[in-house]
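Okay, here's what each chain looks like letter by letter:
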Amino acid sequence: MSGQQSDRTAPGSVGSTVRRKEDNRLVTGRGHYVSDLELPRMRHVAFLRSPYGHARIRGLDVSEAAKAPRVHGVFTGDLPEFSAITLRAQSALPSYVETDQPILAWQKARFSGEPVAAVVADDRYLAEDAMELIDVDYEPLPANVTAWAAPEEPLHPQAPDNVLLQRTFDAGDVTAALATAHVVVERELVTNRHAGNPMECRAGVALWDGADDRLTFWSGTQIPHIVRNMLAELLGLPEGNVRVIAPDVGGGFGTKAVLYPEDVALCLMARAMRGTPLKWVEDRAEHLLAATHARDHRYLVKAGFSADGELLALDADVTCNVGAYSVYPWTAGIEPLMAGGLLSGPYRLENYRCTVRGVATNTSPSGPYRGVARPASVFAMESLIVAAARELGISPLDIRRRNLIRREEIPYRMPSRLVDDSGWYSACLEKAMEAIDYENVVAEQGRRRDAGENPIGIGMACYNELTGLGRAAAAGPRMPFRTGHDACTVRINPDGRVTVLSGVTSQGQGLETTIAQIVADAVGVPYDDVEVRIGDTNESLWGFGAFSSRQAVIGGGAAHRTGEAVKEKALRLAAELFEANLEDLSLENGEIRVGGEPEPLASLAEIARVAYLESNRLPKGIEPGLEATRFFDPIRGAFAAGAQAAVIEVDRSTGVVTILKWACVEDAGRVINPQIVEGQIAGSIAQGIGGALYEHLIYDESGNLSTGTLMDYLMPTSAEVPELAIEHISMPADNPLGVRGVGEGGTLGPNAVLAGAIADAVSVEITHLPITPAMVWEAIQ
């Protein structure tokens, strides 16, 4: 991998690759994950899950399970404390249909893997043994697993057609524009259902303090403050009586940005058992079966182009399989609305009509997964671009050059009314072409064709990633809360070192390091003097969590503002103590300096000692302590431009696709830590390649998951991920740090890149994902 070097030599910590603060514990096996937590008298939980995709529950008999050795409780959904609570995701969209998700299914099971009962025992093995003694009387019902097939039976009485949400995005006059188009291309495209599959599956420990009615919940969640808020509301507790702790988390990718029924069940059982800590750690089979899925979409798309390749109109009908329930709290709208809002991507377009819908099926609920809908929508848009280029006799590269949003058009109002503030798409594309040595690859294509060797193909994709969404930039459901701000507290301690209580959470992104770099520069102290604490709702004031590539923009912005506020306090105190002019003072490397003087005036530790321990020396009007808390909301957010390109080889005899080169160029704005940024991009590309070529959650017609183990559900290894050339176009965004998010952009390109490369190599059009060797071979024949 290679990256732009200019930021590495910038003054201060930001822009440099420093030793990550979290690595010492993580690489030496001293990380603290939920599964590592051991508390006195801890008991373990196992969930009984429905074996049917759709069934009426006529009765449950738990008597034998309750008598099993060392079993301490059996819980079912018809118990009053469970039946009184449901997860009901809310949205203000007029077409949205609210439905209830039970904590434990007790009248009806709506997908295979839905929890029906829970057993508490001394260990997980005993709990699973007892679980097998539970007798459930199921009445199987017809299952529907395909969102665009006519349902035999509705999942919810509130939605007889299973449509939980529908919306049409409309701009310009699509019908008239299509009528005047020189070429109209029309396609049906289907993307594959898959999921995040982090190394660490879901896990939780719940402890109830009956004396004070307090709940502590350790969870591998991406959203601890939202979880605290929702648990308090669901359990009828004051929010101050709920503490959520997200310790080290082994990956999330959106899968852990959801409040699940198992989470609530664990807390309800802990309350019922009065002081006995309860622990549940999901196994991989449970995760594949019951954690949220994503990307199960169908696109019926039609686009009109002029004779010179200008995109004139786009007409689309998008159906998203949202699973059995409207995922809490993001609703069934999270994927369809993102697909419709960003389908046109980085291309200029005036005439746009797109109807999106979320349809319930007897499958695990669909939720946020890295890139949310856009890997599928980019595949759809780029497929139209490639098809039009072929019909018009224009190269796939030139037709993109013709239609990309230009820098001089910024701010550009997209047809979905989102405002793009980037415009560096052409620069990203051209740099990606340089990285794969485009001209020489084209020449090699010709040589191979003439020699009768296995063909090679070039694929490319351009995309825009909406990052750090502020309160005015929400592209998704109109939920009862807006996720635009985070808080940060920065405290200079009496010894001059700095403690940061940040609202961000980390699942491997290196946020302790990134926030420390930001605060070190904002305050003016060495990076090693900064300690960052995250993930505990009793320490940090507020943070919405990890999703939508938001934490560097919003959490980082809050950290920067707070650091500057604390520095201002320290300098004001120093100015008063030394009778100096405030404007002449600076704080650098932990020292107070006067402009033009070779020696420091004082150390920060000396000033902090006065602030805390020598209050008799405090000047009039200055309070003790050196601490500040600030919020930050970017209002709109920041678009990040991106382009990916690859060279592949196709074996005509087997259909096997081999990736020869891969390049990615993104506008990350100001790069805080080059190594972390490149790691984020590389990891997201690997996930995108997995989704394009390997990963597929397949249900049979009865609603049973056929790919329920990693023997059947294929994931890429290091052997399948090529060497990546990663470059940057670092154009500062309009926020305090000038940063743009990079956590998801890498997932957006691979579907389109690989489909386009195969079309270029063997003139085979890919309309369904994943792209398997069998599919390619059959198409070639």
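Refer to the preceding data block for the structure.
Residues numbered from 1 in each chain as written. Predicted model: local features only at pLDDT ≥ 70, side-chain atom pairs only at ≥ 80, totals over all residues. Heavy atoms only, no water.

## Observations concerning the overall build of the chain
Then, number 1: Of the regular secondary structure elements, the chain holds 20 helices and 30 strands.
Then, number 2: Against the compact-globule benchmark of 28 Å for 781 residues, the chain has a radius of gyration of 27 Å, which places it among compact chains.
Then, number 3: Principal-axis analysis of the C-alpha atoms places the extent of the chain at approximately 85 × 75 × 45 Å.
Then, number 4: Summarising the internal contacts of the chain: among those between residues at least 6 apart in sequence, 80% fall at separations of at least 24.
Then, number 5: Of the roughly 28,500 Å² of accessible surface on the chain, 48% is carried by carbon and sulfur atoms.
Then, number 6: Averaging the coordinates of the 70 positive side-chain charges in the chain and doing the same for the 102 negative ones gives two points 3 Å apart. (Helix = DSSP H or I, 4+ residues; strand = E, 2+ residues; numbered from the N terminus. Rg over C-alpha atoms; globule rule 2.2 N^0.38 Å. Contact = heavy atoms within 4.5 Å. Areas by Shrake-Rupley, 256 points an atom, 1.4 Å probe, with all protein chains shown as cover. Lys, Arg positive; Asp, Glu negative; His and termini not counted. Charge placed at Lys NZ, Arg CZ, Asp CG, Glu CD.)

## Observations regarding the sheet that holds strand 7 (residues 115-121)
Then, number 1: One open sheet accounts for 7 strands, arranged 3-7-1-14-11-12-13; its pairing is mixed. Each having just a single partner strand, strand 3 (71-76) and strand 13 (242-245) make up the two edges of the open sheet. Pairs of neighbouring strands in the sheet enclose a mean axial angle of 20°, with direction left out of account.
Then, number 2: Along the sheet face, helix 6 (residues 224-235) touches strand 12 (214-219) and strand 13 and points at about 145° away from the line of strand 13. (Pairing = 2+ DSSP bridges. Axes fitted to C-alpha atoms, helices over the stretch in contact; angles between N-to-C directions.)

## Regarding the side chain of Thr 292
Then, number 1: Relative to the helices and strands, Thr 292 resides in the loop between helix 8 (284-290) and strand 15 (297-305).
Then, number 2: A relative accessible area of 5% means that Thr 292 is categorised as buried.
Then, number 3: At a separation of 3.2 Å, a polar atom in the side chain of Thr 292 contacts the side chain of Tyr 260. (Buried < 20%, exposed > 50% of the residue type's maximum accessible area, 1.4 Å probe, protein only. Polar contact = N/O pair within 3.5 Å; in protein donor to acceptor, adjacent residues only side chain to side chain.)

## As for the packing of aromatic side chains
Then, number 1: By the definition in use, this model includes 8 aromatic pairs.
Then, number 2: Taking 5.9 Å as the distance between ring centres and 45° as the angle between the ring planes, the aromatic pair formed by Phe 75 and Phe 82 counts as tilted. We note that Phe 75, like Phe 82, is buried.
Then, number 3: Among the aromatic residues, ring-to-ring pairing joins Trp 330, Phe 481, Trp 542, Phe 544 and Phe 547 into one connected group.
Then, number 4: The aromatic ring of Tyr 527 is capped on one face by Lys 21, whose charged end is 4.3 Å from the ring centroid. (Phe/Tyr/Trp six-rings, centres within 6.5 Å; stacked < 30°, edge-to-face > 60°. Lys NZ or Arg CZ within 6 Å of the ring centre and 35° of its normal.)

## Observations regarding the state of the cysteines
One covalent bond between the sulfur atoms of two cysteine residues makes up a disulfide.
Then, number 1: Considering all chains together, one arrives at 0 disulfides under this definition.
Then, number 2: With no disulfide of its own, Cys 354 lies 9.1 Å from the sulfur of Cys 320, the closest cysteine sulfur. (Disulfide = S-S within 2.5 Å.)

## Considering unusual backbone geometry
Then, number 1: Tyr 328 connects to Pro 329 through a cis peptide bond whose omega is 5°.
Then, number 2: Locating Pro 329 in the fold gives a position in the loop between strand 16 (311-323) and helix 9 (334-342).
Then, number 3: Cis geometry is adopted by the peptide bond preceding Pro 411, which originates at Ile 410 and carries an omega value of 0°.
Then, number 4: Examined against the element boundaries, Pro 411 turns out to sit in the loop between helix 11 (396-403) and strand 18 (412-413).
Then, number 5: The backbone of Arg 274 sits at a positive phi, close to 50°, despite the residue not being glycine.
Then, number 6: Summarising the element assignment, Arg 274 is placed in the loop between helix 7 (261-272) and strand 14 (278-281).

## Some details on a positive patch on the surface
Then, number 1: On the surface, Arg 561, Lys 569, Arg 572 and Arg 630 cluster together to form a positively charged patch.
Then, number 2: Of all the elements, helix 15 (residues 551-577) adds the most residues to the positive patch, at 3 residues.
Then, number 3: The topology assignment puts Arg 630 in strand 27 (residues 627-632). (Patch = residues over 30% accessible without salt bridge, like charges linked within 9 Å, V, L, I, M, F, W, Y side chains within 5 Å. Salt bridge = Lys/Arg side-chain N within 4 Å of Asp/Glu carboxyl O.)

## Side note on the sheet that holds strand 23 (residues 530-533)
Then, number 1: Sheet architecture is open: 4 strands sit in the order 23-22-21-27, paired in mixed fashion. Looking at strand neighbours, the two that pair on one side only are strand 23 and strand 27, the edges of this open sheet. Recorded for the sheet is a direction-independent mean angle of 20° between the axes of neighbouring strands.
Then, number 2: One ladder, built from 6 bridges, connects strand 21 (residues 486-492) with strand 27; its direction is antiparallel. Bridged to Cys 488 within strand 27 is Arg 630.
Then, number 3: Contacts from helix 15 reach strand 21 and strand 27, with the element oriented near 145° to strand 27.

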